[in-house]
Every structure is written in structure tokens, then in C-alpha cells.
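# Per-entry structural report
The lines below spell out each chain.
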Amino acid sequence: MSARLNTLCASGSLLGLIAFSMAWVIVISATPTARISLWLILFTGPWLLVLRGVLRARANVLLYSSLLALVYLLHGGVVWWTDPIRSGWGLLEMLLALGHIISAGLTIRQTGS
């Protein structure tokens, strides 16, 4: 795969993780209405901080975002393993995070930065 395609995959998986994080807080989990804004900041804030650098394929930001994706990979794994009702959502979160880690790593490797 080319570096451009890997960058698009990393950006797409990041945008998917942002959308999934927002959907998780607002719709999927049982977050109290009074606490939704706090959980949105906690869940999607880190992704919004690295969004600009990932879209521009900066190597340091891709590295940091892939390390951040490890936390979401663990969260998805815990949900998948422990919650039979939301196990599909946990698997989706794991796949998005794993896709971001792999594509970010390939982008860094191919650009040589």
C-alpha cells in the first residue's frame, strides 16, 4: 500500500473513532443526561487534539495517536469480554483502534519520518 492510502486509512479510522466515541457517550452507554458533556470531553477530547496532526500525516502525532488508540483498544476489549449486550460495540471499537494503530504505523514507516 502507498503512504497516501495508509494516511487515508489512519485518518478514516480516527474519524470513525471520534464518531464512535460520541455515539458511545450519547446513545450506547447509559450516561446520565447531566454528565454527557463531561464524558464527551473525556472520550473525544484526546482525539480532537491529535486530529490536525493525523490529517497532515505528521510522524510524531501519528505515534502519539497510536499510543492513545491502545487505551481505546483496551476499553473495547473490556466491553467485548464483560458485557454481552454491548459486545458487538466493543468489537467495533477494537477494530477501529487496531486499524488506526496499524495504518499509522505503516504511514510512519513508509514516509521515513
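The structure this text deals with has already been given above.
First things first, this report covers the structure right here in the doc. (Residues numbered from 1 in each chain as written. Predicted model: local features only at pLDDT ≥ 70, side-chain atom pairs only at ≥ 80, totals over all residues. Heavy atoms only, no water.)

## Notes on the packing of aromatic side chains
Worth spelling out the cut-off: Stacked, tilted and edge-to-face are the three classes applied to pairs of Phe, Tyr and Trp rings, where Trp contributes its six-membered ring and a pair requires centres within 6.5 Å; stacked means planes under 30 degrees apart, edge-to-face means over 60, and tilted covers the rest. Strands here are runs of E lasting at least two residues and helices are runs of H or I lasting at least four, both read from the DSSP assignment and numbered beginning at the N terminus. Only protein chains enter the calculation, and the probe is 1.4 Å; a residue is then buried if its accessible area is under 20% of its type maximum, exposed if over 50%, and partly exposed in between.
Summed over all chains, the structure comprises six aromatic pairs. Each ring, one from Phe20 and one from Trp89, has its centre 6.2 Å from the other, and the planes form 35 degrees; the classification is tilted. You can see Phe20 sitting in helix α1 (residues 3–28) and its partner Trp89 sitting in helix α4 (residues 87–111), a full 69 residues away along the chain. Among the residues examined, Trp89 registers a relative accessible area of 40% and is labelled partly exposed.

## Overview of the packing of helix α2 (residues 36–55) against helix α3 (residues 59–82)
Just so we agree on the cut-off: Every axis in this analysis is a line fitted to C-alpha atoms, fitted for helices over the stretch in contact. Angles between the N-to-C directions lie between 0 and 180 degrees. Note on angle classes: values under 35 degrees are labelled roughly parallel, values over 145 roughly antiparallel, values of 65 to 115 roughly perpendicular, and the remainder oblique. A crossing counts as left-handed when the near helix is turned anticlockwise from the far one by less than a right angle, and as right-handed when that turn is clockwise. Only heavy atoms enter the contact rule, under which two residues are in contact if any of them lie within 4.5 Å. Gly counts as polar in this scheme, as do all residues outside two lists: the nonpolar Ala, Val, Leu, Ile, Met, Phe, Trp, Tyr, Cys and Pro, and the charged Asp, Glu, Lys and Arg.
One way to put it is that α2 packs onto α3 with a least axis distance of 9 Å and a crossing angle of 155 degrees. Taken as axis vectors, α2 and α3 run roughly antiparallel relative to one another. Here α2 and α3 pass one another in a crossing that is left-handed. Where α2 approaches α3, its residues Leu42, Phe43, Pro46, Trp47, Val50, Gly53 and Val54 are matched on the opposing element by Val61, Leu62, Ser65, Leu68, Ala69, Tyr72 and His75. Taken together, the residues that form the contact of α2 with α3 break down as eleven nonpolar, three polar and no charged.

## Section: the environment of Thr107
Relative to the elements of secondary structure, Thr107 occurs in helix α4. With 48 residues separating them along the chain, Thr107 and Ala59 place their C-alpha atoms 8.0 Å apart. Excluding anything up to four places from it in sequence, Thr107 contacts Ala3, Asn6, Thr7, Ala57 and Leu62.

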